Amino acid sequence: MKTSDLLKQYGIKLKKNLGQNFLSNTEIARQIVEVANVKADDVILEIGPGAGTLTEELLKTGAKVVGVEIDKRLKPLLERLNEFENFTLVFEDFLKFDISTLPKHFRVVSNIPYSITGPILKKLLFSDFSDAYLMVQKEVGERLLAPIGDSNRSFLTVVVQTFCTVEKVLTVSKGNFVPNPKVDSVVLHISKNTEVYEKYDIKIFWDFVSKCFGQKRKTLYNNLKTFVNNLDDLKKKYDLTLRPEQVSKEMFLQIFEELLSPN
Ligand SMILES: C[S@@+](CC[C@H](N)C(=O)[O-])C[C@H]1O[C@@H](n2cnc3c(N)ncnc32)[C@H](O)[C@@H]1O
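All figures in this text were calculated on a predicted structure; none of them were measured in a lab.

## What about the UniProt feature "domain: Ribosomal RNA adenine methylase transferase N-terminal" (unreviewed entry) in the protein chain?
UniProt's entry tags residues 28–194 with the feature "domain: Ribosomal RNA adenine methylase transferase N-terminal" (unreviewed entry), counted in the numbering of this structure. Secondary structure over residues 28–194 splits into 28% helix and 28% strand, and the C-alpha atoms at its two ends are 30 Å apart.

## Concerning the site of the ligand
Within the structure, the ligand sits among 21 residues, and Leu-23, Gly-48, Glu-69, Asp-93 and Phe-94 are positioned closest to it. In the model, a nitrogen atom of the ligand is placed 2.8 Å from a nitrogen or oxygen of the Gly-48 main chain. One of the backbone N or O atoms of Gly-50 is found 3.4 Å from an oxygen atom in the ligand. Burial of the ligand by the protein chains amounts to 97% of its free accessible area of 600 Å². Structurally, the ligand is housed in the largest pocket. Elements with a contribution of two residues or more to the shell around the ligand: strand E1 (22–23) and strand E3 (64–69). Here the residues of the shell around the ligand are counted per class, giving 10 nonpolar, 6 polar and 5 charged.

## A closer look at the environment of Cys-212
As for its position among the elements, Cys-212 is in helix H9 (residues 202–212). Given the relative accessible area of 0%, Cys-212 is considered buried. Residues Cys-212 and Asn-223, 11 residues apart in the sequence, show an inter-C-alpha distance of 5.2 Å. Apart from residues no more than four positions distant in its own chain, Cys-212 is found in contact with Leu-220, Asn-223, Leu-224, Phe-227, Pro-244 and Phe-252.

## Regarding the layout of surface pockets
In this approach the atoms are scanned with a rolling probe the size of a water molecule, which exposes any empty space left behind. Considering only enclosed or pocket space, the largest pocket measures out at about 800 Å³ in volume. Within the residue set of the lining of the largest pocket, elements represented by two or more residues are E1, strand E2 (43–47), helix H3 (53–60), E3 and strand E6 (131–137). Considering each element in turn, the lining of the largest pocket owes the most residues, 3 residues, to E6. Grouping the amino acids of the lining of the largest pocket by side-chain chemistry returns 22 nonpolar, 13 polar and 7 charged. Estimates place the volume of the second largest pocket at around 170 Å³. Those elements that place two or more of their residues in the lining of the second largest pocket are helix H1 (3–9) and H3. Examining the composition of the lining of the second largest pocket, we find that 4 residues originate from one element, H3, more than from any other. The class makeup of the residues in the lining of the second largest pocket is 2 nonpolar, 4 polar and 5 charged.

## What to know about helix H2 (residues 26–35)
Listed as buried for H2 are Ile-28, Ala-29, Ile-32 and Val-33. Taken around the axis of H2, the buried residues stretch over an arc of 140°, which confines them to a single face. Next to the buried residues of H2 lie E1, H3, strand E5 (107–111), E6, strand E7 (164–172) and strand E9 (185–192). Near the N-terminus of H2, the side chain that reaches the backbone nitrogen of Glu-27, with its oxygen 2.9 Å away, is that of Asn-25. Two residues or fewer past H2, Asn-37 is found with a positive phi of approximately 55°.

## With respect to the side chain of Glu-46
Counting through the fold element by element, Glu-46 comes out in strand E2. The side chain of Glu-46 is buried and forms no salt bridge, while Arg-80, the nearest opposite charge, is found at 9.6 Å.

## Topic: the nonpolar core
In globular proteins that are soluble, nonpolar side chains generally tend to be buried together. By size, the foremost hydrophobic cluster in this structure holds 55 residues, and its most contacted members are Leu-45, Leu-124 and Phe-205. If you tally residues by element for this core, the top one is H9, at 6 residues. Taken domain by domain, this core gets at least three of its residues from each of domain 1 (3–197) and domain 2 (202–260). When residues no more than four places from it in sequence are discounted, the contact partners of Leu-124 are Leu-45, Ile-47, Phe-94, Ile-99, Phe-106, Val-108, Phe-129 and Leu-134. In this structure, Ile-28, Ala-63, Phe-87 and Tyr-133 belong to the second largest nonpolar core, which totals 32 residues.

Procedures and definitions
- Sequence order sets the numbering: in each chain, residues are counted from 1 along the sequence as written.
- Totals for whole chains, interfaces and linings use every residue, but because this is a predicted model, local features are given only for residues with pLDDT of at least 70 and side-chain atom pairs only at 80 or more, for both listing and counting.
- The side-chain quantities take in all heavy atoms of the structure and omit both hydrogens and water.
- UniProt positions are given in the numbering used here, feature names are shortened, and annotations may be inferred rather than shown by experiment.
- A run of DSSP states H or I qualifies as a helix once it reaches four residues; a run of E qualifies as a strand once it reaches two. Both are numbered from the N-terminal end.
- Proximity criterion: a residue is near a molecule or strand once any of its heavy atoms comes within 4 Å of it.
- Polar contacts here mean pairs of N or O atoms no more than 3.5 Å apart (in protein, one a potential hydrogen donor and the other a potential acceptor; neighbouring residues in sequence count only if both atoms are side-chain atoms).
- For the accessible areas, the method is Shrake-Rupley and the probe is 1.4 Å, while residue cover comes only from the protein chains on display.
- With a 1 Å grid spanning the protein atoms alone, the term cavity applies to any set of points in which a 1.4 Å probe fits but cannot get out, the term pocket to an open set with protein on both sides within 12 Å along at least five of seven lines, and the term lining residue to any residue with an atom within 4 Å of a point.
- Grid points define the cavity or pocket, and a molecule sits in it when more than half of its atoms lie within 2 Å of them.
- As a working rule, the residues Ala, Val, Leu, Ile, Met, Phe, Trp, Tyr, Cys and Pro are called nonpolar, Asp, Glu, Lys and Arg charged, and the rest polar, with Gly in that last group.
- Here's how the labels work: a residue is buried when its accessible area is under 20% of the maximum for its type, exposed when over 50%, partly exposed in between, all with a 1.4 Å probe on protein chains only.
- Between two residues, a contact is recorded if the distance between any of their heavy atoms is within 4.5 Å.
- Grid points are joined across faces, edges and corners, and a volume is the space filled by probe spheres set on the points.
- Arc definition: directions from the helix axis to the C-beta atoms.
- In this charge count, Lys and Arg are treated as positive and Asp and Glu as negative; neither His nor the chain ends contribute.
- The term salt bridge refers to a side-chain nitrogen of Lys or Arg lying within 4 Å of a carboxyl oxygen of Asp or Glu.
- The term nonpolar core refers to a set of buried residues drawn from Ala, Val, Leu, Ile, Met, Phe, Trp, Tyr and Cys, joined through side-chain atoms within 4.5 Å.
- Bear in mind that the domain bounds are from an automatic or database domain assignment.

In structure tokens, the structure reads:
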């Protein structure tokens with residue numbers, strides 16, 4: 001059944017504040033599952049299954065799917081998928097969900113709510129996930145993929161690109177959702193770089209880079225000055241006159257190692 005008909009049948013009006021732009025094209029859901037190469041022995045986390053369009057395609061692969069949805073109004077609609085024995089449905093705010101209950105190396109396939117992209121990424125990056133296929137708004141995708149020197153580059157870009165490999169695998173136009181969002185979406189593949197995870201503490205690096213981007217328009221020197229006492233040695237080795245968006249992930253890692261890393 002079409003997503004819009006399902007919503008009508010269950011009398012559900014979508015909420016903007018929950019980022020409820022539901023996928024209405026089953027073919028796109030199939031493409032995402034295919035590109036993610038979902039296998040029967042995978043454990044897949046889906047954040048916000050919504051009306052279950054993507055969920056149903058994930059379940060057909062035989063993979064164990066754990067859907068975490070905040071909106072209890074969607075219960076009757078999503079419970080139609082309980083016929084799949086491989087489905088676990090949890091009604092909870094994902095940001096409060098105990099992610100440690102998932103087995104190590106779980107995978108993520110989700111069309112995530114736009115307004116909490118940052119907190120979702122933080123929770124995933126700090127977890128035992130192995131890789132994620134995330135549908136995000138195009139501009140979020142551009143920010144996470146932004147190269148050195150691009151004004152779109154943020155501290156999140158640096159952390160994600162340092163600890164993971166990020167690539168765009170699909171573009172999905174706005175016409176494939178109900179209601180239609182203002183912008184197109186992209187599907188990103190974010191895959192954990194285990195060597196970097198083993199060597200550095202992502203939580204400390206997250207705080208470090210976030211402070212380095214404290215004032216994006218100022219130089220790295222001026223940002224570092226706010227939390228490092230003496231920059232004399234560092235100034236001799238690195239060009240601290242760069243703005244944070246102009247600094248490579250390698251240079252961030254080197255400075256991090258010198259200053260803060262306990263390893
Ligand atoms: C962009 S929609 C995607 C829905 C569905 N996966 C699809 O592709 O059609 C985002 C979904 O996330 C849910 N959501 C929003 N905030 C959430 C949160 N904090 N925790 C869990 N789910 C949330 C919304 O209710 C909605 O179902």
